[in-house]
Amino acid sequence: MPYKRGRPVIDLSPWFALASACAFYLTIPIAMLINVMMHRTAYKHRWRLRGIRRAITVSNHTTFLDPVKIAFLVLPRLIYQTLLEATVEFPVLGTYTRLLGGVPIPRGREGYRRILDICSGAFRRRRYLHFYPEGECFLYNQDIKEFKSGAFRIAAELGIPVIPLVTVFSPGLFRPRSLLGRNAPLETLVVMEPVDPALYVRRDSGGELSAESIKEFAEAVRRMMQEEIDRRGGSRDFYRGQMARVKGLND
């Protein structure tokens, strides 16, 4: 059934779960082949996911194919990935995106609350809920933009870790865009150590989460990810700016 604004952001019905698994396992081999041909994605420290039953994962958003490499990371398990509400409202493609694990972020300041309200059921189906906290895709960017705090608030409310996933680019053997060089970079997806919200988040006298401490938590994770990019020598030679939105689909 097509998603309409105001409906639950995740369909937890058994029939939808079955359709979702079928759509995903039919699609991911083709999508991953395209991603490998373009970027030859390598993975580092996947073992850090072992034994974690529930987590929020976050990453820098650098290519249109980011959801593919994130999905491949946790195979054979499935993962939920957040995206703009406008995308899942789009006819046919929106429904298919939801089948592949897309979770719309409702418009408005309380959008995260609607996601939080359904998380207990969602985490019984899948272990991870992924966010792109920059809020936009910045093509081949290696200087991570400021994070929005929704993902970190959800992690703090649920008392579960945030696992940073960081994409690092390299040019390969030859100078970018030279005769033998690449027009698109090689990429490595690094799984970083889980981060416990309790190390950063505070509550006020009324027991509510401090908005300022949530922002500090988000910024601390962003800095960790940036330091990982810099430590690995992430190439800035391919940066192309913010990816354009498509009218009616993700604008």
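Keep in mind that what you see is a predicted model, and the values were worked out from it rather than measured.

Another aspect to go through is the sheet that holds strand 3 (residues 80-84). On the basis of which strands lie adjacent, the open sheet formed by 7 strands has the order 1-8-7-2-5-3-4 and mixed pairing. In the strand order of this sheet, the two ends are held by strand 1 (42-44) and strand 4 (102-105), each with one partner. Each neighbouring strand pair of the sheet contributes to a mean axis angle of 30 degrees, computed without reference to strand direction. Sheet topology places strand 7 (residues 162-170) next to strand 8 (residues 186-191); 6 bridges connect them, and they run antiparallel. Opposite Ser170, over in strand 8, you have Leu186 as the bridge partner. Running at roughly 130 degrees to strand 5 (residues 128-131), helix 5 (residues 111-125) makes contact with strand 2 (55-59), strand 3, strand 4 and strand 5 of the sheet. Contacts from helix 7 (residues 211-231) reach strand 2, strand 7 and strand 8 within the one sheet, and its direction differs from that of strand 7 by about 30 degrees.

Time to look at the nonpolar core. Counting 37 residues, the largest nonpolar core has Ile56, Val58, Leu129 and Phe152 as the members making the most contacts within it. Where this core is concerned, the elements lending two or more residues are strand 2, helix 5, strand 5, helix 6 (150-158), strand 7 and helix 7. Here this core gets 7 residues from one element, more than from any other, and that element is helix 5. Ignoring anything within four residues of it in the chain, the contact list for Phe152 reads Val58, Pro133, Phe147, Val162, Ile214, Phe217, Ala218 and Val221. Counting residues in hydrophobic clusters, the runner-up holds 22 residues, among them Phe24, Leu49, Ile163 and Leu189.

Conventions adopted
Residues numbered from 1 in each chain as written. Predicted model: local features only at pLDDT ≥ 70, side-chain atom pairs only at ≥ 80, totals over all residues. Heavy atoms only, no water. Pairing = 2+ DSSP bridges. Helix = DSSP H or I, 4+ residues; strand = E, 2+ residues; numbered from the N terminus. Axes fitted to C-alpha atoms, helices over the stretch in contact; angles between N-to-C directions. Contact = heavy atoms within 4.5 Å. Core = buried A, V, L, I, M, F, W, Y, C linked by side-chain atoms within 4.5 Å. Buried < 20%, exposed > 50% of the residue type's maximum accessible area, 1.4 Å probe, protein only.

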